[in-house]
Amino acid sequence: MKCDPTLYRAAPTSLAVKPRLIRHLFLPPLVIALMIGLGYLGFWVSEHYGIRSLSENGQRQLELHARAVESEISKYTYLPSLLELESSVSRLLDDPSPEHRQTVNEYLEGLNRRSRSRAIYVMDTTGRVMATSNWRDVDSYLGEDLSFRAYFQNAVRGQPGRFYGIGSTNGEPGYYLAHGLEERGKIIGVAVVKVRLEAMEERWQRARLEAFVSDENGIIILSSDPARRLKSVIPLSEETKEKLARSLQYYWFPLNELQPLAREKLAEGEEKLTFPANSELMSEEENISYLSQTRPLSDTPWNFTLLTPLQDLRREAINQGILVAVAFALVAFLLIAWNERRKVIATRLAAREALQEANNQLERRITERTTDLRASNERLKGQIRERRQAEETLRRAQDELVQAGKLAAIGQMSTSIAHELNQPLAALRTLSGNTVRFLERGQLDVASTNLKTINELIDRMGRITASLRSFARRGDDKGQASLGKAVDAALQVLGSRVENAHLQLHRDFADLQVQIDQTRLEQILVNLIGNALDAMQAQPLPELWLEGEISEGKYRLRVRDNGHGIDAETRKHLFEPFFTTKPGEQGLGLGLTLSASLAAATGGHLGVEHPASGGTTFVLSLPLVSPLHAEPI
Ligand code: ADP
């Protein structure tokens, strides 16, 4: 079944191409942008939550290590106040004799050894060292004036002196704890314990812990990384720097600021710091980020800071980000593939629907057309019925007309008939009158001759009336005739004449059925063949051709002879009634007239041709009953 291609619902080209082009142009960059964006989001979320988790863990670590630092520091806080109880110390401060000094020196030396502090010494209220545990050492503090030290100044005022500084004598860092020694409510001197806290640094290093302790000035005094030691964690003004330099708290160290590459405050006491890489293990481009968590240490104005490296976390976050990006790319790819497949299926479905629709439409059209055709068929049948009825009516009318025409022809001929009959009648009157007179006179021979003439005249008149009767008779114009039989019958009627003439007959026609009454056709053929025989009387080799052919639904029979032909004058009157060229009783002049009328009555025609080679051809055209029955004979 063929389908109308216009029935397919094709999208307009301009509309269909544009979105596809836009999709192809913008989809890949969009997917890539989303991939990068989501990858970054994955990285950010992973890092964020990683930092949060690290922060929680770090808080615990911070607490733990800060406590450790606090206990390390606090373990010495009681030590200087102990000296208040020692009588030798107060004696020395009362009376700084060499014996007293030596006693205290030795006492302090022993105490220092037992407490594992760095040094213990006693100063008078002017800040001069009166006795010290390191009295044997070359760089002993003995006799030194340390009144400029802040811890002394605090302690001599009765406040606890806490101080981290670098020793002015040997440049060694230490934690100084000072206590004002009271006697009867009056401060008589200051006892100082110097503690080294480096052990903590070593402990941190062993534990691979990154941590530092910054003092009240923001200077890192203890650090797991020696490079950070004595760096300030907050910016120092020039004024502060000068003040600190004057106090020699940090000896002559430059106190540079610890400058991270980036600093991001996350929460109170929590920062994200990025330092430039300095370890050999790290590549030069890779910076180190830390989560910095700070907590103040109790009993001191110091802060403990724990640094948790974020390298692993960062690496993990990058991996997560890549994972998210790859997962998204995969999902996007699957979605695009699914969408493409969906579109292909949709297109196929649409095409199938369109095809179905086209088929339905086609079937509808076929049904409509069939209905139309059936209707027009019915209409045609109706028309055919009407036509047949009309034809029937027409034929009947034609019959009536022919009949009327014949009667009219007889009417027209009536003058000629009257003339034709009046002549013999007049002759009969004269002859009968004469015969009576001849019989009265006894002239029997003459009377007999007259009677013979009268007989002949009566015969002629009978023939005329017989011909007219057969013409005027309402014949069967609807009959059928066999051409072959009609020819045979005509030749039989003319049998003796044909034989006497030694006629050579040429039959070249088909034996078929023509629409004319069989007797009428025979009558026409007898007239035509009889005329031909008459015309060929003087011909030594008479020949007659009967030739047939089908032309325009009719059968044309040509009756050709090689007789004397017809002269120009005769041709004018050929079909007129009672026109004859034949002498005496031979011709009535009705043969051609009646034959033409009989042919015309059945829808045929009789015509004449005058061949240049001589002779005459009469052409009889008659309607065929059925052209299919044509058989050559
Ligand atoms: P008829 O035979 O009684 O004369 P037709 O009507 O048959 O009457 O013929 C009229 C005339 O036509 C004839 O007298 C004759 O002169 C002429 N005619 C008819 N047939 C032929 C023919 N085959 N050849 C020559 N003349 C013919």
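Residues numbered from 1 in each chain as written. Predicted model: local features only at pLDDT ≥ 70, side-chain atom pairs only at ≥ 80, totals over all residues. Heavy atoms only, no water.

Caption draft 1: Layout of the site of the ligand. Near the ligand you find 20 residues, and of these T580, T581, K582, L588 and G589 are the closest. Between T580 and the ligand, the recorded distance is 2.3 Å, taken from a side-chain N or O atom to an oxygen atom. Measuring from an oxygen atom of the ligand, one finds a backbone N or O atom of L592 at 3.1 Å. Within the complex, 95% of the 530 Å² of free accessible area of the ligand lies under protein. (Near = heavy atom within 4 Å. Polar contact = N/O pair within 3.5 Å; in protein donor to acceptor, adjacent residues only side chain to side chain. Areas by Shrake-Rupley, 256 points an atom, 1.4 Å probe, with all protein chains shown as cover.)

Caption draft 2: Quick peek at the side chain of D561. Mapped onto the elements of the fold, D561 is located in strand β16 (residues 554-561). With no salt bridge to any partner, buried D561 finds its closest opposite charge in R560, at an N-O distance of 8.4 Å. From its side chain, D561 meets the backbone nitrogen of G563 in a polar contact 2.8 Å long. Every residue in contact with D561, bar those within four places of it in the chain, is listed here: A532, M536, E543, L544, W545, G614, G615 and T616. (Helix = DSSP H or I, 4+ residues; strand = E, 2+ residues; numbered from the N terminus. Buried < 20%, exposed > 50% of the residue type's maximum accessible area, 1.4 Å probe, protein only. Lys, Arg positive; Asp, Glu negative; His and termini not counted. Salt bridge = Lys/Arg side-chain N within 4 Å of Asp/Glu carboxyl O. Contact = heavy atoms within 4.5 Å.)

Caption draft 3: Structural detail: the environment of G158. Looking at where G158 falls in the secondary structure, it is placed in the loop between α5 (150-156) and β3 (161-166). Residues G158 and G180, 22 residues apart in the sequence, show an inter-C-alpha distance of 5.4 Å.

Caption draft 4: Focus on the sheet that holds strand β1 (residues 119-124). Read across the sheet, five strands follow the order β2-β1-β5-β4-β3 without closing on themselves; strand pairing throughout is antiparallel. Every interior strand has two partners, whereas the edge strands, β2 (129-132) and β3, have only one. Strand-to-strand, the axes of this sheet are offset by a mean angle of 25°, without reference to chain direction. Across three bridges, the pairing between β1 and β2 is antiparallel. By the bridge assignment for β2, Y121 is matched with T132. (Pairing = 2+ DSSP bridges. Axes fitted to C-alpha atoms, helices over the stretch in contact; angles between N-to-C directions.)

Caption draft 5: Inspection of the side chain of S224 at higher detail. Among the secondary structure elements, S224 is positioned in the loop between β7 (220-223) and α7 (238-247). Those residues within four positions of S224 in sequence are excluded, and the remaining contacts are W204, Q205, L209, E210 and A211.

Caption draft 6: A look at a nonpolar patch on the surface. A cluster of nonpolar side chains, contributed by Y40, L41, W44, V45 and Y49, occupies part of the molecular surface with about 530 Å² of accessible area. Counting through the fold element by element, L41 comes out in helix α1 (residues 13-74). (Patch = residues over 30% accessible without salt bridge, like charges linked within 9 Å, V, L, I, M, F, W, Y side chains within 5 Å.)

Caption draft 7: The arrangement of the pattern of salt bridges in detail. The full count for this structure, using the stated rule, is 28 salt bridges. Here R560 and E547 are joined by a salt bridge, their closest N and O atoms 3.8 Å apart. Highlighted residues: R560 in strand β16 and E547 in strand β15 (residues 543-551), separated in sequence by 13 residues. On the accessibility criterion, R560 (22% relative accessible area) is partly exposed. The network of salt bridges with common partners includes R118, E172, K194, R196 and E198.

Caption draft 8: Up close: helix α4 (residues 98-115). The end-to-end C-alpha distance of α4 is 25 Å, a good match for the 26 Å that 18 residues give at a rise of 1.5 Å each. Buried residues belonging to α4 abut α2 (78-82), α3 (87-94), β1 and β2. In the stretch just after α4, R116 is the one whose phi turns positive, near 60°. (Expected span 1.5 Å × (residues − 1).)

Caption draft 9: Examining the packing of aromatic side chains more closely. Summed over the entire model, instances satisfying the criterion amount to nine aromatic pairs. Ring geometry for Y121 against Y141: centres 4.8 Å apart, planes inclined by 70°, an arrangement best described as edge-to-face. In this pair, Y121 is assigned in strand β1 and Y141 in the loop between β2 and α5, connecting sequence segments 20 residues apart. One exposure class covers both Y121 and Y141, and it is buried. Judged by centre distance (4.9 Å) and plane angle (5°), the ring pair of Y151 and Y176 falls under stacked. In this pair, Y151 sits in helix α5 while Y176 sits in strand β4 (residues 173-183), placing the two residues 25 residues apart along the sequence. One aromatic cluster is present, built from ring pairs that chain together Y151, F163 and Y176. The ring of F275 carries the charged tip of R228 above its face, separated from the ring centre by 5.3 Å. (Phe/Tyr/Trp six-rings, centres within 6.5 Å; stacked < 30°, edge-to-face > 60°. Lys NZ or Arg CZ within 6 Å of the ring centre and 35° of its normal.)

Caption draft 10: Here's a closer look at the nonpolar core. The biggest cluster of nonpolar side chains holds 44 residues, and the ones touching the most others in it are L83, V213, W302 and F304. Other than its neighbours up to four places away in sequence, W302 contacts I73, Y164, Y175, L197, V213, S214, D215, E216, I221, P296 and L297. Counting 37 residues, the second largest nonpolar core, distinct from the first, contains L528, A532, L557 and L592. (Core = buried A, V, L, I, M, F, W, Y, C linked by side-chain atoms within 4.5 Å.)

Caption draft 11: Geometry of the pairing of strand β5 (residues 186-195). Burial of β5 is extensive: nine of the ten residues sit out of reach of the surface. In this sheet, β5 lies alongside β1 in antiparallel orientation, the contact comprising six bridges. Within the sheet, the bridge partner assigned to V122 lies in β5 and is A191. Hairpin connection between β4 and β5: a loop of two residues separates the two successive antiparallel strands, and R184 in this loop has a positive phi of roughly 50°.

Caption draft 12: Fine view of the sheet that holds strand β13 (residues 504-508). The mixed open sheet is built from five strands, whose spatial order is β13-β15-β16-β18-β17. Looking at the sheet topology across the chains shown, the edges are occupied by β13 and β17 (605-609). Between one strand and the next, the sheet's axes are offset by a mean angle of 15°, whatever the strand orientation. Along the sheet face, helix α10 (residues 483-493) touches β13, β15 and β16 and points at about 170° away from the line of β13. Where helix α12 (residues 518-535) meets the sheet, its contacts fall on β15, β16, β17 and β18 (616-623), and the angle it forms with β18 comes to roughly 170°.

Caption draft 13: Representation of the environment of N303 within the structure. Within the secondary structure, N303 is located in strand β11 (residues 303-309). Owing to a relative accessible area of 26%, N303 belongs among the partly exposed residues under this scheme. When the C-alpha atoms of N303 and D215 are compared, they prove to be 6.5 Å apart, with 88 residues separating the residues in sequence. With sequence-adjacent residues up to four places away left out, N303 is seen in contact with F212, V213, S214, T294, R295, P296 and L297.

Caption draft 14: Representation of α3 within the structure. When we look at burial in α3, the residues that qualify are S88, V89, S90, L92 and L93. On its buried face, α3 is in contact with α4, β1, β2, β4 and β5.

Caption draft 15: Structural context of the packing of α12 against helix α14 (residues 591-601). Where α12 contacts α14, the axes come no closer than 10 Å and their chain directions differ by 145°. For the element pair α12 and α14, the recorded crossing hand is left-handed. Along its contact with α12, which presents R520, Q523, I524, N527, L528 and N531, the element α14 presents G591, L592, S595, L598, A599 and A601. (Left-handed = near helix turned anticlockwise from the far one by under 90°.)

Caption draft 16: Up close: the packing of α3 against α4. At a minimum axis distance of 9 Å, the contact between α3 and α4 shows a crossing angle of 145°. Regarding α3 and α4, the two cross each other, and that crossing is left-handed. Contact residues: S88, V89, R91 and L92 in α3; H100, R101, T103 and V104 in α4.

Caption draft 17: Layout of the confidence of the model for the protein chain. Per-residue confidence for the protein chain gives a mean pLDDT of 84; residues scoring 70 or more make up 89%. Scored below 50 in pLDDT, residues 1-15 makes 15 contacts in the model with residues more than four places away or belonging to other chains. (pLDDT = per-residue confidence, 0-100.)

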